[in-house]
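The lines below spell out each chain.
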Amino acid sequence: MPQLRLAVLLLGIASLSPAQTKNHGVVRPLSEVKFEPDDDVKCLASVVEAGDPAKGPSTIILKAPPNCLVPWHYHTAEEQLIVTEGSVRTEMDGMSPRALGPGGFAIMPSQAKHQFSCQSKTPCVMFVTFDRTYDIFWVKDNKSK
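Residues numbered from 1 in each chain as written. Predicted model: local features only at pLDDT ≥ 70, side-chain atom pairs only at ≥ 80, totals over all residues. Heavy atoms only, no water.

It is not clear to me how the packing of aromatic side chains should be interpreted in this structure. Could you clarify?
To describe a pair of aromatic rings, you give the distance between the ring centres and the angle between the ring planes. What the rule picks out here adds up to 2 aromatic pairs. When the ring of Tyr74 is compared with that of Phe137, the centres are 5.1 Å apart and the planes differ by 20°; the resulting orientation is stacked. Here Phe137 lies in strand S11 (residues 137–138) and Tyr74 lies in strand S4 (residues 69–74), a separation of 63 residues in the sequence. The class of Phe137 is partly exposed, set by a relative accessible area of 36%. (Phe/Tyr/Trp six-rings, centres within 6.5 Å; stacked < 30°, edge-to-face > 60°. Helix = DSSP H or I, 4+ residues; strand = E, 2+ residues; numbered from the N terminus. Buried < 20%, exposed > 50% of the residue type's maximum accessible area, 1.4 Å probe, protein only.)

Before we go on, may I ask you to explain the state of the cysteines in this structure?
Note: disulfide means a covalent bond formed between the sulfur atoms of two cysteine side chains. This model, assessed by the stated rule, comprises 2 disulfides. With cysteine numbering restricted to those in disulfides and following the sequence, the protein has the pairing 1-2, 3-4. (Disulfide = S-S within 2.5 Å.)

Note that all results are geometric; they support no functional claim without further evidence.
Right under this line is the structure:
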């Protein structure tokens, strides 16, 4: 009888949704990530890896094909970016553009205008983390760069 209870308990745990297991962590190979088209930038695909961008801090994985440009914008949140695949040209207001390869890191303070583009011949993959609720404000003309 104790073995039956254990089996039922284990089946119950195995059937919990990700929201129900938030305190158990996440372990997922990049090959299992299911990217969705981005609503704002048509060449970009993304997936929320952790957190809830509408409610607070989050980590999002972005995938951009060659020559994909995410134009000048800023966020209320601080953004941290780590490149895992490809070469990403990262530009921030008041700084020289830099090409970041795998392991490259950038931090954009709250309200810092920035843009990036995939410069490699293969897709670029980036992890971006926001320290609070996600928002985005597009900059029509960034003459001060």
